[in-house]
Amino acid sequence: MEGDEKVSYRLFDPFFTPCYRMFGAQWRRAMAMLANQPLSKRFRHAKFKSSAPLFGSTSTRWSTHKADDTTVKFPSLHADIEKALGTVSIIPKPWFNDHSEDDDKVTQEYFTHVMGRFKCQNQNCSKSGWSSKKVGILIRQFSGNGYYALVFKQRCRVCDKLGVLRLDEDSYVERVVYRLKKWAGIHVEKPVFGVKRGEPHEREFCEACLAGYDCQKASLEE
């Protein structure tokens, strides 16, 4: 019976339907219904034992979010943003806007990327996780100096399931603080980044790229 269940699952898995990306979450939900597989079971969390620092950073955090969300916010890191701003005077004081209904009130936005690590949610997948130095992040500003940073997730290249993000907090704070200062008209030195080696960015598994942004060409930083 176990073997029969796996065959049935694969027949209806969107990974085997080339056009599923055109329809996004709606297509995946339709396929889940056809396969009689509840979404809660299709996006199960896998155990991930690695606790080693990410890219030399001692500051990382796993995101908490719904399994089928393609983006995630980190409002809890606003305190770190305030600390990094230090004595810099920005008036009004920046505040984290976590209200999605305000998206039509955006005054300006900037797309760049941070670093992170993902773990695969599929317990039957052979790939436990992967690192990325091009995790897309969209920073938006609202009237009154409100802001939020929307971090895009990536998919497993083996099973195509969304990964759970472990954010490199240092790179996140650095990018957001830099952008807030630029928007406030404060002169900041352009950071110098060395050559980053690793596997090429795979756009077809990146939710930011699939949403129309380009992680490969995102500038660091203007």
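- The protein is annotated in an unreviewed UniProt entry as 3CxxC-type domain-containing protein from Podospora pseudoanserina.

Some thoughts on the overall build of the protein
Move 1: Looking only at helices and strands, the protein features six helices and seven strands.
Move 2: Along the protein, helices and strands appear, N-terminal first, in the series α-α-α-β-β-α-β-β-β-β-β-α-α.
Move 3: Considering the protein as a whole, with its 222 residues, one finds that 45% of them fall into the buried category.
Move 4: Expressed as a percentage of contacts within the protein between residues at least 6 apart in sequence, the contacts between residues at least 24 apart total 71%.
Move 5: For the protein, the computed accessible surface area is about 12,500 Å², with 52% contributed by carbon and sulfur atoms.

Quick word on the nonpolar core
Within soluble globular proteins, side chains that are nonpolar generally end up buried alongside one another.
Move 1: Residues Phe74, Ile81, Ile137, Val151, Leu165, Tyr172 and Val176 are the most contacted members of the largest nonpolar core, which totals 40 residues.
Move 2: Those elements that provide at least two residues to this core are helix H4 (78-85), strand E4 (106-120), strand E5 (129-142), strand E6 (146-152), strand E7 (163-168), helix H5 (169-183) and helix H6 (207-210).

Some words on the packing of aromatic side chains
Move 1: Tallying each qualifying case throughout the model produces seven aromatic pairs.
Move 2: Note on Phe111 and Tyr213: the rings are 4.7 Å apart at their centroids and 15° apart in plane angle, and the pair reads as stacked. Remark: Tyr213 occurs in the segment after H6 and Phe111 occurs in strand E4; sequence separation between them is 102 residues.
Move 3: On the accessibility criterion, Tyr213 (23% relative accessible area) is partly exposed.
Move 4: For the cation-ring pair, Lys73 lies above Tyr148, with the distance from its terminal atom to the ring centre recorded as 4.0 Å.
Move 5: Directly above the aromatic system of Tyr110 lies the positively charged group of Arg179, at a separation of 3.6 Å from the ring centroid.

So, unusual backbone geometry
The general pattern is negative phi for most residues beyond glycine and trans for most peptide bonds.
Move 1: Omega for the bond connecting Ile91 with Pro92 falls within 30 degrees of zero, at -5°, which places this linkage in the cis form.
Move 2: Phi is positive for Asn145, which is not a glycine, with a value near 70°.
Move 3: Residue placement: Asn145 occurs in the loop between E5 and E6.
Move 4: Not every positive phi belongs to a glycine, and Asp160 is a case in point at roughly 70°.
Move 5: Tracing the chain through its elements places Asp160 in the loop between E6 and E7.

Here's the deal with the pattern of salt bridges
Move 1: What the rule picks out here adds up to nine salt bridges.
Move 2: Linking Lys105 and Asp102 is a salt bridge whose minimum nitrogen-to-oxygen distance equals 3.7 Å.
Move 3: Residue Arg175 is joined to Glu174 by a salt bridge in which the shortest nitrogen-to-oxygen separation is 2.9 Å.
Move 4: Given a relative accessible area of 3%, Arg175 falls into the buried group.
Move 5: Look at Glu174 and you get partly exposed, because its relative accessible area is 40%.
Move 6: Connected through salt bridges with shared partners, the residues Asp103, Glu109 and Arg140 form a single ionic network.

About the thresholds
- Residues numbered from 1 in each chain as written.
- Predicted model: local features only at pLDDT ≥ 70, side-chain atom pairs only at ≥ 80, totals over all residues.
- Heavy atoms only, no water.
- Helix = DSSP H or I, 4+ residues; strand = E, 2+ residues; numbered from the N terminus.
- Buried < 20%, exposed > 50% of the residue type's maximum accessible area, 1.4 Å probe, protein only.
- Contact = heavy atoms within 4.5 Å.
- Areas by Shrake-Rupley, 256 points an atom, 1.4 Å probe, with all protein chains shown as cover.
- Core = buried A, V, L, I, M, F, W, Y, C linked by side-chain atoms within 4.5 Å.
- Phe/Tyr/Trp six-rings, centres within 6.5 Å; stacked < 30°, edge-to-face > 60°.
- Lys NZ or Arg CZ within 6 Å of the ring centre and 35° of its normal.
- Salt bridge = Lys/Arg side-chain N within 4 Å of Asp/Glu carboxyl O.

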